[in-house]
Amino acid sequence: MDETILVTGGTGTLGRLVVDRLLAAGRTVRVLSRHTPPSDPAPAGRGWAVGDLLSGEGVAEAVRGAGTIVHCATSSNGKKDVAATGKLLAAAREAGVRHLVYISIVGCDRVPFSYFKGKQECERLVENSGIPYTILRATQFHDFVRAIFDGTSKLPLMLAPAFSYQTISAAEVADRLAALALGAPSGRVTDMGGPQVREATELARVYLRAQGRSRKVVGLRLPGRTFRAFREGGHLTASHAVGRGTFEDHLAETAKTTAR
């Protein structure tokens, strides 16, 4: 059945990739954004809805007629994330949505970081919403760690967290999310982790080499429960290292894209 699939956060790093894959599968996709649609000609099958998940304005209209929602919109503020997800779920229930796919983060139940805690609470809202759902947890995207290094590499000494990452390609997570959206509700599915668990300081040196730059890399160790949970690997899933693209692959592809 070719029902409309609504993608929240459909212009973000992950969301736009999910939209592309759903369109390639021949599905009708509606993007929910706070902004007016771009002036470029829309690809066949893509619609647009202007709405604000935090205020709720335009959300009911955006959800109306959608059979499935892929919820990619997120906020660095965990409380705002929870509030926005609650408004989306209320509108989805009212509209009779039959499947909600939610992207969460590995370790949200183990790391007492506000963003992670917000993700865990959003999971609970989805699970208790009465809407058939699928929840996928993934590790941090390569893009996320690269963005951190873009900032810290500007200092005379490059700082990197004194713990490991298991970064994954956003494109691979988008592949999985799109497949889940095209399938039946599956509850909490198997986590997705990147192909390698690597110390952040090592990844920082990889980043510098790719940039052709030299900096001394210093591991930053902070006190507290949150940082301890990161050091202990609460955000990792080594047993589900299903990703294929490495951080080096991501940097090489980014360099190619920038050079075009």
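Just above, that's the structure.
Residues numbered from 1 in each chain as written. Predicted model: local features only at pLDDT ≥ 70, side-chain atom pairs only at ≥ 80, totals over all residues. Heavy atoms only, no water.

Within the protein chain, the secondary structure is distributed over nine helices and 11 strands. Compactness check: the protein chain gives a C-alpha radius of gyration of 19 Å against a globular reference of 18 Å for 260 residues, within 12% of the reference. Across its three principal axes, the protein chain shows a C-alpha extent of roughly 55 × 45 × 30 Å. Every one of the 260 residues in the protein chain was classed for burial, and the buried ones make up 47%. Intrachain contacts of the protein chain at a sequence separation of at least 6 include 75% that bridge at least 24 residues. In the form shown here, the protein chain has an accessible surface area of approximately 12400 Å², with 52% of it arising from carbon and sulfur atoms. (Helix = DSSP H or I, 4+ residues; strand = E, 2+ residues; numbered from the N terminus. Rg over C-alpha atoms; globule rule 2.2 N^0.38 Å. Buried < 20%, exposed > 50% of the residue type's maximum accessible area, 1.4 Å probe, protein only. Contact = heavy atoms within 4.5 Å. Areas by Shrake-Rupley, 256 points an atom, 1.4 Å probe, with all protein chains shown as cover.)

Relative orientation and spacing of two packed helices are given, respectively, by the angle between their axes and the distance between those axes. Where helix α5 (residues 142–152) meets helix α7 (residues 200–211), the axes come as close as 10 Å, and the angle between the chain directions of the two elements is 70 degrees. Classified by the angle between their axes, α5 and α7 sit roughly perpendicular to one another. Touching V145, R146, F149 and D150 of α5 are A200, L203, A204 and Y207, all from α7. Taken together, the residues that form the contact of α5 with α7 break down as six nonpolar, no polar and two charged. (Axes fitted to C-alpha atoms, helices over the stretch in contact; angles between N-to-C directions. Parallel < 35°, antiparallel > 145°, perpendicular 65-115°, else oblique. Nonpolar A, V, L, I, M, F, W, Y, C, P; charged D, E, K, R; others polar.)

Okay, the pairing of strand β1 (residues 4–8) next. Two faces make up the sheet, and in a regular strand the side chains alternate between them. Burial analysis of β1 places five of its five residues in the buried class, the great majority of the element. Neither face of β1 is left uncovered, since the one carrying T4, L6 and T8 and the one carrying I5 and V7 both have all their residues buried. Relative to strand β4 (residues 66–71), β1 runs parallel, the two being bridged by five bridges. The partner of L6 across the bridge, within β4, is I69. With helix α1 (residues 15–24) bridging β1 and the parallel strand β2 (residues 29–33), this β-α-β connection has right-handed handedness. (Pairing = 2+ DSSP bridges. Right-handed = clockwise from strand over helix to strand, strands pointing away.)

A word on the sheet that holds β2. A sheet is described by the order of its strands in space; here seven strands give the open sequence β3-β2-β1-β4-β5-β6-β9, paired in parallel fashion. With one partner strand each, in any of the chains shown, β3 (46–50) and β9 (187–188) form the two edges of the open sheet. The strands touched by helix α4 (residues 114–127) are β5 (99–105) and β6 (133–138); relative to β5, the strand with the most contacts, the crossing angle is about 160 degrees. Sheet strands in contact with helix α6 (residues 170–181) are β4, β5 and β6, and its direction is about 155 degrees off that of β5.

With that settled, the discussion passes to the pattern of salt bridges. What the rule picks out here adds up to 13 salt bridges. Salt-bridge contacts for D150 lead to R146; the nearest nitrogen and oxygen are separated by 3.9 Å. Remark: R146 and D150 occur in helix α5; sequence separation between them is four residues, near one turn of the helix. Judged by its relative accessible area of 27%, D150 is partly exposed. Linked through salt bridges whose partners overlap, the residues forming this network are D109, R110, E123 and R137. (Salt bridge = Lys/Arg side-chain N within 4 Å of Asp/Glu carboxyl O.)

In this structure, V7, L14, V18, V70, V173 and L177 are the most contacted members of the largest nonpolar core, which totals 27 residues. Listing elements by their share of this core, those giving two or more residues are β1, α1, β2, β5, β6 and α6. What V7 contacts, discounting residues up to four positions off in sequence, is G15, V18, V19, L22, V29, R30, V31, L32, V70 and C72. (Core = buried A, V, L, I, M, F, W, Y, C linked by side-chain atoms within 4.5 Å.)

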